[in-house]
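This is what each chain is made of:
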Amino acid sequence: MKIVTSSTELPSGCAFVPTMGALHLGHASLFQKAASLSSEVVASIFVNPLQFEDQEDLAKYPRTPDRDIELAEISGVTHLWLPNQAEIYPGQVTPIKAGPLGSIYEGASRPGHFDGVVTVVRRLFDLVKPKYAIFGEKDFQQLSLVRQVAGDVEIVQSPTVRGDNGIALSSRNMRLSESDMESARVISEALYSAASQVSVAEALRAMRAVLASQDAFKVEYADIVDEVNFAIADEMTPNPRAIIAGWINSVRLIDNMAMRVRA
Ligand code: PAF
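Residues numbered from 1 in each chain as written. Predicted model: local features only at pLDDT ≥ 70, side-chain atom pairs only at ≥ 80, totals over all residues. Heavy atoms only, no water.

## Quick notes on the packing of helix α6 (residues 113–128) against helix α7 (residues 140–148)
Inference 1: The contact between α6 and α7 brings their axes to 10 Å, and the two run at 50°. On the basis of the axis angle, α6 is oblique to α7. For the pair α6 and α7, the sense of crossing is right-handed. For the pair α6 and α7, contact is made by Phe-114, Val-117, Val-118, Val-121 and Phe-125 and by Gln-141, Gln-142, Leu-145 and Val-146, respectively.
Inference 2: When its residues are assigned to classes, the contact of α6 with α7 shows seven nonpolar, two polar and no charged. (Axes fitted to C-alpha atoms, helices over the stretch in contact; angles between N-to-C directions. Helix = DSSP H or I, 4+ residues; strand = E, 2+ residues; numbered from the N terminus. Parallel < 35°, antiparallel > 145°, perpendicular 65-115°, else oblique. Left-handed = near helix turned anticlockwise from the far one by under 90°. Contact = heavy atoms within 4.5 Å. Nonpolar A, V, L, I, M, F, W, Y, C, P; charged D, E, K, R; others polar.)

Structure follows, in C-alpha coordinates:
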(Lines give C-alpha, C1' and ligand atoms only; values in the text may rest on other atoms or scores of the structure.)
Protein backbone atom coordinates (compact mmCIF):
# COMPACT_ATOMS: atom_id res chain seq x y z
CA MET A 1 0.00 0.00 0.00
CA LYS A 2 1.29 3.44 -0.96
CA ILE A 3 0.64 6.35 1.39
CA VAL A 4 0.39 9.56 -0.61
CA THR A 5 -0.33 13.18 0.26
CA SER A 6 -1.10 14.52 -3.21
CA SER A 7 -3.95 13.44 -5.46
CA THR A 8 -1.55 13.68 -8.43
CA GLU A 9 -0.04 10.39 -7.19
CA LEU A 10 -3.37 8.52 -7.41
CA PRO A 11 -4.49 6.16 -10.20
CA SER A 12 -7.64 7.42 -11.92
CA GLY A 13 -10.51 5.05 -12.70
CA CYS A 14 -10.08 3.42 -9.29
CA ALA A 15 -12.59 2.25 -6.70
CA PHE A 16 -12.61 4.98 -4.07
CA VAL A 17 -13.61 4.98 -0.40
CA PRO A 18 -13.67 8.44 1.19
CA THR A 19 -13.36 8.39 5.00
CA MET A 20 -12.65 10.64 7.94
CA GLY A 21 -10.40 8.03 9.60
CA ALA A 22 -11.09 6.36 12.96
CA LEU A 23 -11.41 3.28 10.80
CA HIS A 24 -13.22 0.15 11.99
CA LEU A 25 -14.43 -3.10 10.47
CA GLY A 26 -17.30 -1.25 8.76
CA HIS A 27 -14.69 0.65 6.72
CA ALA A 28 -12.77 -2.58 6.13
CA SER A 29 -15.87 -4.01 4.47
CA LEU A 30 -16.04 -0.94 2.18
CA PHE A 31 -12.38 -1.44 1.23
CA GLN A 32 -13.04 -5.12 0.51
CA LYS A 33 -16.03 -4.20 -1.66
CA ALA A 34 -13.81 -1.71 -3.52
CA ALA A 35 -11.18 -4.41 -4.03
CA SER A 36 -13.83 -6.65 -5.59
CA LEU A 37 -14.52 -3.92 -8.18
CA SER A 38 -11.03 -2.74 -9.09
CA SER A 39 -7.37 -3.62 -8.68
CA GLU A 40 -6.74 0.03 -7.70
CA VAL A 41 -8.36 0.85 -4.35
CA VAL A 42 -7.97 4.41 -3.12
CA ALA A 43 -9.03 5.42 0.39
CA SER A 44 -8.83 8.97 1.67
CA ILE A 45 -8.67 10.17 5.25
CA PHE A 46 -9.74 13.79 5.58
CA VAL A 47 -11.62 15.17 8.58
CA ASN A 48 -13.77 17.67 6.72
CA PRO A 49 -14.25 20.86 8.77
CA LEU A 50 -17.16 21.93 6.55
CA GLN A 51 -19.45 19.17 7.84
CA PHE A 52 -19.07 20.09 11.52
CA GLU A 53 -21.28 22.91 12.81
CA ASP A 54 -19.44 22.91 16.09
CA GLN A 55 -15.67 23.46 16.20
CA GLU A 56 -15.54 21.49 19.46
CA ASP A 57 -16.97 18.39 17.71
CA LEU A 58 -14.35 18.79 15.00
CA ALA A 59 -11.57 18.95 17.59
CA LYS A 60 -13.05 15.95 19.46
CA TYR A 61 -13.36 13.78 16.33
CA PRO A 62 -11.32 10.61 17.02
CA ARG A 63 -7.99 10.39 15.22
CA THR A 64 -6.27 7.00 15.15
CA PRO A 65 -3.67 7.27 12.33
CA ASP A 66 -1.52 4.22 13.13
CA ARG A 67 -4.47 1.88 13.41
CA ASP A 68 -6.04 3.39 10.29
CA ILE A 69 -2.94 2.67 8.21
CA GLU A 70 -2.80 -0.90 9.50
CA LEU A 71 -6.50 -1.58 8.82
CA ALA A 72 -6.37 -0.02 5.33
CA GLU A 73 -3.31 -2.08 4.45
CA ILE A 74 -4.82 -5.44 5.47
CA SER A 75 -8.20 -4.66 3.87
CA GLY A 76 -7.06 -4.25 0.28
CA VAL A 77 -6.37 -0.49 -0.03
CA THR A 78 -3.62 0.07 -2.61
CA HIS A 79 -3.34 3.87 -2.17
CA LEU A 80 -4.06 5.66 1.10
CA TRP A 81 -4.41 9.38 0.45
CA LEU A 82 -3.92 11.80 3.33
CA PRO A 83 -4.67 15.19 1.76
CA ASN A 84 -4.11 18.44 3.55
CA GLN A 85 -6.69 21.18 3.83
CA ALA A 86 -5.01 23.31 1.11
CA GLU A 87 -5.41 20.58 -1.50
CA ILE A 88 -9.10 20.05 -0.74
CA TYR A 89 -10.03 23.69 -0.24
CA PRO A 90 -7.62 25.98 -2.06
CA GLY A 91 -8.88 29.51 -1.51
CA GLN A 92 -12.49 30.48 -0.87
CA VAL A 93 -14.96 27.57 -0.66
CA THR A 94 -18.40 27.91 -2.19
CA PRO A 95 -20.42 25.11 -0.57
CA ILE A 96 -22.77 23.04 -2.70
CA LYS A 97 -26.32 23.12 -1.31
CA ALA A 98 -27.67 19.70 -0.41
CA GLY A 99 -31.26 20.78 -1.22
CA PRO A 100 -34.48 19.64 0.52
CA LEU A 101 -33.20 16.16 1.43
CA GLY A 102 -30.28 17.88 3.15
CA SER A 103 -32.45 19.71 5.65
CA ILE A 104 -34.65 16.94 7.07
CA TYR A 105 -33.86 14.22 9.63
CA GLU A 106 -30.05 14.28 10.03
CA GLY A 107 -29.97 17.60 8.22
CA ALA A 108 -32.53 19.11 10.62
CA SER A 109 -30.52 17.93 13.60
CA ARG A 110 -27.21 19.13 12.12
CA PRO A 111 -27.88 22.24 9.99
CA GLY A 112 -25.33 22.70 7.21
CA HIS A 113 -23.86 19.23 7.76
CA PHE A 114 -24.95 17.80 4.41
CA ASP A 115 -23.87 20.92 2.49
CA GLY A 116 -20.41 20.17 3.91
CA VAL A 117 -20.64 16.48 3.00
CA VAL A 118 -21.73 16.95 -0.62
CA THR A 119 -19.19 19.75 -1.09
CA VAL A 120 -16.26 17.63 0.07
CA VAL A 121 -17.45 14.51 -1.75
CA ARG A 122 -17.72 16.39 -5.06
CA ARG A 123 -14.28 17.91 -4.48
CA LEU A 124 -12.78 14.50 -3.63
CA PHE A 125 -14.35 13.01 -6.77
CA ASP A 126 -12.91 15.84 -8.90
CA LEU A 127 -9.43 15.18 -7.52
CA VAL A 128 -9.52 11.35 -7.56
CA LYS A 129 -11.63 10.81 -10.71
CA PRO A 130 -12.76 7.35 -9.58
CA LYS A 131 -14.86 4.93 -11.58
CA TYR A 132 -16.64 3.70 -8.43
CA ALA A 133 -17.16 5.23 -4.99
CA ILE A 134 -18.29 3.01 -2.14
CA PHE A 135 -20.51 4.26 0.70
CA GLY A 136 -21.98 2.38 3.64
CA GLU A 137 -25.73 2.04 4.18
CA LYS A 138 -25.18 3.02 7.82
CA ASP A 139 -25.36 6.70 6.80
CA PHE A 140 -28.24 6.18 4.42
CA GLN A 141 -29.30 9.81 4.06
CA GLN A 142 -25.71 10.69 3.18
CA LEU A 143 -25.71 7.90 0.59
CA SER A 144 -28.91 9.23 -1.02
CA LEU A 145 -27.46 12.76 -1.12
CA VAL A 146 -24.13 11.65 -2.54
CA ARG A 147 -25.99 10.12 -5.50
CA GLN A 148 -27.20 13.65 -6.32
CA VAL A 149 -23.65 14.97 -6.81
CA ALA A 150 -22.05 11.80 -8.21
CA GLY A 151 -21.91 12.87 -11.87
CA ASP A 152 -20.39 9.96 -13.77
CA VAL A 153 -18.97 8.26 -10.67
CA GLU A 154 -20.82 4.99 -10.01
CA ILE A 155 -22.02 4.99 -6.39
CA VAL A 156 -21.90 1.53 -4.83
CA GLN A 157 -23.81 0.93 -1.62
CA SER A 158 -22.43 -1.48 0.91
CA PRO A 159 -24.37 -3.14 3.77
CA THR A 160 -24.02 -1.98 7.36
CA VAL A 161 -21.68 -4.12 9.42
CA ARG A 162 -23.04 -5.09 12.85
CA GLY A 163 -21.36 -6.51 15.91
CA ASP A 164 -22.57 -9.78 17.47
CA ASN A 165 -24.82 -7.61 19.66
CA GLY A 166 -26.55 -6.25 16.54
CA ILE A 167 -25.16 -2.73 17.02
CA ALA A 168 -24.08 -1.03 13.77
CA LEU A 169 -20.34 -0.34 13.79
CA SER A 170 -19.54 3.36 14.07
CA SER A 171 -16.61 5.46 15.26
CA ARG A 172 -19.03 6.95 17.82
CA ASN A 173 -19.34 3.57 19.56
CA MET A 174 -15.89 4.25 21.03
CA ARG A 175 -17.62 6.79 23.28
CA LEU A 176 -20.12 4.27 24.73
CA SER A 177 -19.54 2.58 28.09
CA GLU A 178 -20.29 -1.11 28.51
CA SER A 179 -23.73 -0.36 29.93
CA ASP A 180 -24.39 2.20 27.15
CA MET A 181 -23.58 -0.55 24.63
CA GLU A 182 -26.11 -2.79 26.35
CA SER A 183 -28.73 0.00 26.02
CA ALA A 184 -27.80 0.63 22.36
CA ARG A 185 -28.92 -2.88 21.42
CA VAL A 186 -32.51 -1.63 21.47
CA ILE A 187 -31.92 0.25 18.19
CA SER A 188 -31.19 -2.80 16.06
CA GLU A 189 -33.77 -4.84 17.97
CA ALA A 190 -36.38 -2.24 16.97
CA LEU A 191 -35.20 -2.35 13.35
CA TYR A 192 -35.26 -6.15 13.13
CA SER A 193 -38.67 -6.22 14.72
CA ALA A 194 -39.93 -3.71 12.13
CA ALA A 195 -38.34 -5.66 9.26
CA SER A 196 -40.23 -8.82 10.21
CA GLN A 197 -43.67 -7.18 9.80
CA VAL A 198 -45.83 -7.46 6.71
CA SER A 199 -46.96 -3.84 6.35
CA VAL A 200 -45.43 -0.39 6.82
CA ALA A 201 -48.03 0.45 9.48
CA GLU A 202 -47.21 -2.72 11.46
CA ALA A 203 -43.49 -2.13 11.04
CA LEU A 204 -43.78 1.39 12.44
CA ARG A 205 -45.86 0.22 15.38
CA ALA A 206 -43.46 -2.63 16.19
CA MET A 207 -40.37 -0.42 15.92
CA ARG A 208 -41.75 2.26 18.21
CA ALA A 209 -43.01 -0.33 20.73
CA VAL A 210 -39.53 -1.85 21.05
CA LEU A 211 -37.94 1.59 21.44
CA ALA A 212 -40.49 2.54 24.12
CA SER A 213 -39.46 -0.52 26.14
CA GLN A 214 -36.07 1.04 26.89
CA ASP A 215 -35.53 4.31 28.82
CA ALA A 216 -31.81 4.81 28.28
CA PHE A 217 -32.14 5.47 24.54
CA LYS A 218 -33.77 8.88 23.99
CA VAL A 219 -35.41 8.74 20.58
CA GLU A 220 -35.02 11.76 18.31
CA TYR A 221 -36.85 10.19 15.41
CA ALA A 222 -38.08 6.73 14.45
CA ASP A 223 -39.86 6.67 11.09
CA ILE A 224 -40.31 4.61 7.98
CA VAL A 225 -39.48 6.56 4.86
CA ASP A 226 -39.05 6.22 1.12
CA GLU A 227 -35.32 5.51 0.90
CA VAL A 228 -34.85 7.82 -2.11
CA ASN A 229 -36.38 11.08 -0.88
CA PHE A 230 -37.04 10.29 2.80
CA ALA A 231 -40.75 11.15 2.49
CA ILE A 232 -42.88 9.29 5.05
CA ALA A 233 -43.61 5.82 3.63
CA ASP A 234 -47.02 4.28 3.14
CA GLU A 235 -48.09 0.86 1.91
CA MET A 236 -47.43 1.94 -1.71
CA THR A 237 -43.85 3.09 -1.14
CA PRO A 238 -41.57 0.94 -3.31
CA ASN A 239 -38.50 0.98 -1.04
CA PRO A 240 -39.45 1.67 2.57
CA ARG A 241 -36.61 2.02 5.07
CA ALA A 242 -36.83 2.36 8.83
CA ILE A 243 -34.63 5.12 10.21
CA ILE A 244 -33.80 5.80 13.85
CA ALA A 245 -31.77 8.47 15.64
CA GLY A 246 -31.39 9.22 19.31
CA TRP A 247 -29.13 9.67 22.26
CA ILE A 248 -27.55 7.52 24.90
CA ASN A 249 -26.22 10.02 27.42
CA SER A 250 -24.19 12.44 25.27
CA VAL A 251 -23.67 10.11 22.31
CA ARG A 252 -25.95 10.45 19.30
CA LEU A 253 -26.53 7.22 17.38
CA ILE A 254 -28.25 6.54 14.06
CA ASP A 255 -29.19 3.35 12.28
CA ASN A 256 -31.55 2.19 9.52
CA MET A 257 -32.79 -0.94 7.80
CA ALA A 258 -34.63 -1.81 4.59
CA MET A 259 -38.13 -3.12 5.29
CA ARG A 260 -39.08 -6.40 3.66
CA VAL A 261 -42.62 -5.21 3.04
CA ARG A 262 -42.93 -4.30 -0.62
CA ALA A 263 -45.82 -2.69 -2.48
O1 PAF B 1 -19.07 9.31 6.04
C2 PAF B 1 -18.01 9.95 6.18
O3 PAF B 1 -17.03 9.49 6.78
C4 PAF B 1 -17.93 11.37 5.64
O5 PAF B 1 -19.16 12.02 5.74
C6 PAF B 1 -17.37 11.45 4.21
C7 PAF B 1 -18.28 10.75 3.23
C8 PAF B 1 -16.00 10.82 4.17
C9 PAF B 1 -17.26 12.91 3.78
O10 PAF B 1 -16.39 13.62 4.62
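And the narrative resumes.
## Topic: the pattern of salt bridges
Inference 1: Considering all chains together, one arrives at 12 salt bridges under this definition.
Inference 2: The salt bridge partner of Arg-252 is Glu-106, with a shortest N-O separation of 2.6 Å. Here the residue Arg-252 occupies a position in strand β9 (residues 251–258), and Glu-106 occupies one in helix α5 (residues 106–109), the gap between them amounting to 146 residues.
Inference 3: A relative accessible area of 6% means that Arg-252 is categorised as buried.
Inference 4: Under the relative-accessibility criterion, Glu-106 is labelled buried at 6%. (Salt bridge = Lys/Arg side-chain N within 4 Å of Asp/Glu carboxyl O. Buried < 20%, exposed > 50% of the residue type's maximum accessible area, 1.4 Å probe, protein only.)

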